[in-house]
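For reference, the chains in residue letters:
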Amino acid sequence: MLNHGESLDLVFRALGDRTRRALVERLVRGPASVSELAAPLPMSLAAVVQHLQVLETAGIVRSEKVGRVRTCRIEPSVLRAGEHWLGHQRTAWESKLDRLGDFLEPGDSEGNAS
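Residues numbered from 1 in each chain as written. Predicted model: local features only at pLDDT ≥ 70, side-chain atom pairs only at ≥ 80, totals over all residues. Heavy atoms only, no water.

A. Examining the overall build of the protein more closely. Regarding its fold elements, the protein presents 5 helices and 3 strands. Moving toward the C terminus, one meets the helices and strands of the protein in the order α-α-β-α-α-β-β-α. Taken over 114 residues, the protein has a buried fraction of 25%. Once local pairs closer than 6 in sequence are excluded, the contacts in the protein between residues at least 24 apart make up 51%. (Helix = DSSP H or I, 4+ residues; strand = E, 2+ residues; numbered from the N terminus. Buried < 20%, exposed > 50% of the residue type's maximum accessible area, 1.4 Å probe, protein only. Contact = heavy atoms within 4.5 Å.)

See the structure below:
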């Protein structure tokens, strides 16, 4: 079983590819078949399937096959975990930048000569 850090690594690695981000953006609008996902992309169906496998391994996409049609859907909880991590990082950096801004603010420092 993957720990939290390893699963985040898989998520960000999967989202590091433009084609996979496009697939995720499409799936955010709702489930779609592999053929529907592949139609607008300038690559073979086999290449799209490989991209979807990376997204499935990362847990971002879930798929099920009914008859001859494989339908994919987004797994929101995995994206929320990445969003939570990014939010925590943003909060930490905003705090540091606010402190730096306060330090650099003219006239607020005790050591400034007037």
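B. Summary view of the sheet that holds strand E3 (residues 69-74). Read from one edge of the open sheet, 3 strands run E1-E3-E2, paired in antiparallel fashion. Strand pairing shows two members of the sheet lacking a second neighbour, strand E1 (32-33) and strand E2 (61-66), which therefore form its edges. (Pairing = 2+ DSSP bridges.)

C. Structural context of helix H4 (residues 45-57). Here H4 spans 18 Å end to end across 13 residues, near enough to the 18 Å set by a 1.5 Å rise per residue. Among the residues making up H4, those that are buried are Ala 47, Val 48, His 51, Leu 52 and Leu 55. The arc that holds every buried residue of H4, seen down its axis, measures 140°, which confines them to one face. Opposite the buried face of H4, by more than 90 degrees, sit the exposed residues Ala 46, Gln 50 and Thr 57. Phi turns positive, to about 85°, at Gly 59, one or two residues after H4. (Expected span 1.5 Å × (residues − 1). Arc of directions from axis to C-beta.)

D. Main features of the pattern of salt bridges. Scanning the entire structure with this criterion turns up 2 salt bridges. Here Arg 62 makes a salt bridge to Glu 75, at a shortest N to O gap of 2.8 Å. One end of the pair, Arg 62, is in strand E2; the other, Glu 75, is in the loop between E3 and helix H5 (76-104), with 13 residues separating them in the sequence. A relative accessible area of 21% means that Glu 75 is categorised as partly exposed. (Salt bridge = Lys/Arg side-chain N within 4 Å of Asp/Glu carboxyl O.)

E. Looking closely at helix H2 (residues 18-28). Taken as a whole, H2 has its buried residues at Thr 19, Arg 20, Leu 23, Val 24 and Leu 27. The buried residues of H2 all sit within an arc of 140° when viewed along its axis, so they share a single face. Exposed residues pointing more than 90 degrees away from the buried face of H2 are listed as Arg 18, Glu 25 and Val 28. In the stretch just after H2, Gly 30 is the one whose phi turns positive, near 145°.

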